[in-house]
Amino acid sequence: MIINSIELCNFRNYKREEFKFHKGTNVLYGDNAQGKTNVLEAIFVGGTTKSHRGSKDSEMIRDGQKECHIRYFIEKRNRTFKVEIHMKKGSSKGIAIDGLPIKSSNELLGLSNIIFFSPEDLSIIKDGPEERRRFIDMEMCQLNKAYLFYLTQYKKVLKQRNTLLKQIQENRSLKDTLEIWNMQLVEHGTKIMEQREEFVTSIHDLMKKKHKCLTGGREEIEVLYRPNCAAKNFENQLFLSEDRDIFQGTTTVGPHRDDMNFQIEGKDLRKYGSQGQKRTAALSLKMAEIEIVEKTIGEKPILLLDDVLSELDRSRQNYLLENIKGIQTIITCTGLEEFVSNGINIDRTFEIVNGGIQHG
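Residues numbered from 1 in each chain as written. Predicted model: local features only at pLDDT ≥ 70, side-chain atom pairs only at ≥ 80, totals over all residues. Heavy atoms only, no water.

1. What to know about unusual backbone geometry
Link 1 in the chain: Although it is not a glycine, N10 adopts a positive phi angle of roughly 55°.
Link 2 in the chain: Checked against the element boundaries, N10 lands in strand β1 (residues 2-11).
Link 3 in the chain: For N10, a relative accessible area of 12% corresponds to the buried category.
Link 4 in the chain: Here the phi dihedral of D307 falls at roughly 55°; this positive angle occurs in a residue that is not glycine.
Link 5 in the chain: Along the chain, D307 falls in the loop between β12 (302-306) and α10 (314-323).
Link 6 in the chain: For D307, a relative accessible area of 29% gives the class partly exposed. (Helix = DSSP H or I, 4+ residues; strand = E, 2+ residues; numbered from the N terminus. Buried < 20%, exposed > 50% of the residue type's maximum accessible area, 1.4 Å probe, protein only.)

Next up, the structure:
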């Protein structure tokens with residue numbers, strides 16, 4: 001799987017530009033705040049419909065403009081697909097595949113598999129449960145259409161149930177209607193928890209091997225799924241929490257409150273790990289993610305590295321670069337010196353200056 005090219009029109013600080021990528025290693029270099037990361041963001045939006053930064057559509061439109069366009073061509077299993085995304089202020093995204101509009105952005109997920117790695121990925125290790133759920137959901141939705149369906153339905157039902165809980169605060173006679181939403185929440189939520197547990201188990205097995213290599217066998221990492229409640233007990237826990245939920249006006253149990261825990265020598269990495277240990281864990285997590293994608297879909301994903309090499313020491317740089325051979329990689333950095341000094345092969349370079357490719 002490779003991305004052949006991407007065209008940007010009024011996206012972030014790009015007026016109009018086209019990038020034609022090599023199937024190997026591509027490097028976007030230049031000073032800070034020139035637009036390098038914006039290119040990676042556009043690729044990620046093209047594959048997932050969402051910004052890795054969590055930005056709203058309107059925030060990705062170039063200043064002074066009302067709309068922006070992304071068009072990219074991806075090659076998968078000897079076939080080329082054209083994906084077009086149109087974002088307009090005050091409107092929902094318009095998405096087309098090979099010129100045909102799609103009804104739901106979910107139809108795009110899985111067409112391309114993109115792994116984004118940046119220094120901000122430390123947040124998966126060091127921040128709250130929301131970041132870890134977001135990581136799990138983003139990866140699983142690209143790989144598993146069934147999971148995407150259950151998650152979409154669960155979020156819809158959860159929203160309806162929370163609305164009803166607030167209404168019950170004003171009118172207690174509505175409490176009897178909770179049961180219908182409880183049944184649907186349990187139906188979809190149980191599937192989510194079961195599939196999350198399988199995914200985290202896969203992550204654990206692969207990450208443990210990667211981490212051991214990265215640390216020269218000095219550390220062993222454990223990755224544990226921490227469900228808010230056991231899948232088999234979800235229905236009962238939901239029933240027992242009804243009065244509390246009504247009082248708080250929100251659903252207090254369920255997979256929307258799940259977590260994933262990283263431990264080294266039995267200690268919570270988030271609380272007790274050093275900055276270096278957290279960086280190593282983030283790297284081994286991404287390496288495990290690459291392998292899971294390849295095993296699941298039978299193809300290598302597209303890898304986006306945003307200023308990652310500067311955050312890693314020489315041994316971790318070498319480990320990363322050794323393990324991504326054969327994967328189309330698009331890297332951002334401020335200069336090419338570290339590639340030259342390390343003897344790293346570069347297939348194509350783009351110098352980025354003020355939202356455009358510097359030619360000549």
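There's more to say after this.
2. Here's the deal with the nonpolar core
Across soluble globular proteins, you tend to see nonpolar side chains buried next to one another.
Link 1 in the chain: Counting residues in hydrophobic clusters, the biggest one holds 104 residues, and the most contacted among them are I6, F19 and F262.
Link 2 in the chain: Core analysis: the next-biggest nonpolar cluster, separate from the first, contains five residues, L164, I168, L178 and I246 among them. (Core = buried A, V, L, I, M, F, W, Y, C linked by side-chain atoms within 4.5 Å.)

3. Section: the packing of aromatic side chains
Link 1 in the chain: Applying the stated criterion across every chain, the model contains seven aromatic pairs.
Link 2 in the chain: Between F21 and F350, the aromatic rings sit 5.7 Å apart at their centres with planes inclined by 70°, giving edge-to-face as the arrangement. Placement of the pair is F21 in the loop between β2 (14-20) and β3 (25-29) and F350 in strand β14 (residues 348-351), with a sequence separation of 329 residues.
Link 3 in the chain: Relative accessible area serves as the criterion here: at 7%, F350 is assigned to the buried category.
Link 4 in the chain: For the pair F135 and F199, a centre-to-centre distance of 6.3 Å together with 50° between the ring planes defines the contact as tilted. Of this pair, F135 sits in helix α3 (residues 129-143) while F199 is found in helix α5 (residues 178-214), placing the two residues 64 residues apart along the sequence. Across the pair, F199 and F135 agree in class, each one buried.
Link 5 in the chain: An aromatic cluster of three or more residues is present, and its members are Y14, F19, F21 and F350. (Phe/Tyr/Trp six-rings, centres within 6.5 Å; stacked < 30°, edge-to-face > 60°.)

4. Some words on the pattern of salt bridges
Link 1 in the chain: Taken as a whole and judged by the stated rule, the model has 24 salt bridges.
Link 2 in the chain: Across the pair K325 and E322 runs a salt bridge, and its minimum N-O distance is 3.3 Å. (Salt bridge = Lys/Arg side-chain N within 4 Å of Asp/Glu carboxyl O.)

5. Concerning the pairing of strand β6 (residues 94-97)
Link 1 in the chain: Taken together, the four bridges between strand β5 (residues 79-88) and β6 define a ladder with antiparallel strand orientation. Among the inter-strand pairings, H86 is bridged to a residue of β6, identified as G94.
Link 2 in the chain: Where β5 hands over to β6, the hairpin turn is made up of five residues, of which G90 adopts a positive phi near 85°.
Link 3 in the chain: One ladder, built from two bridges, connects β6 with strand β7 (residues 100-101); its direction is antiparallel. Of the residues in β7, the one forming a bridge with I97 is L100.
Link 4 in the chain: The hairpin formed by β6 and β7 contains two residues between the paired strands, and D98 there has a positive phi angle of roughly 55°. (Pairing = 2+ DSSP bridges.)

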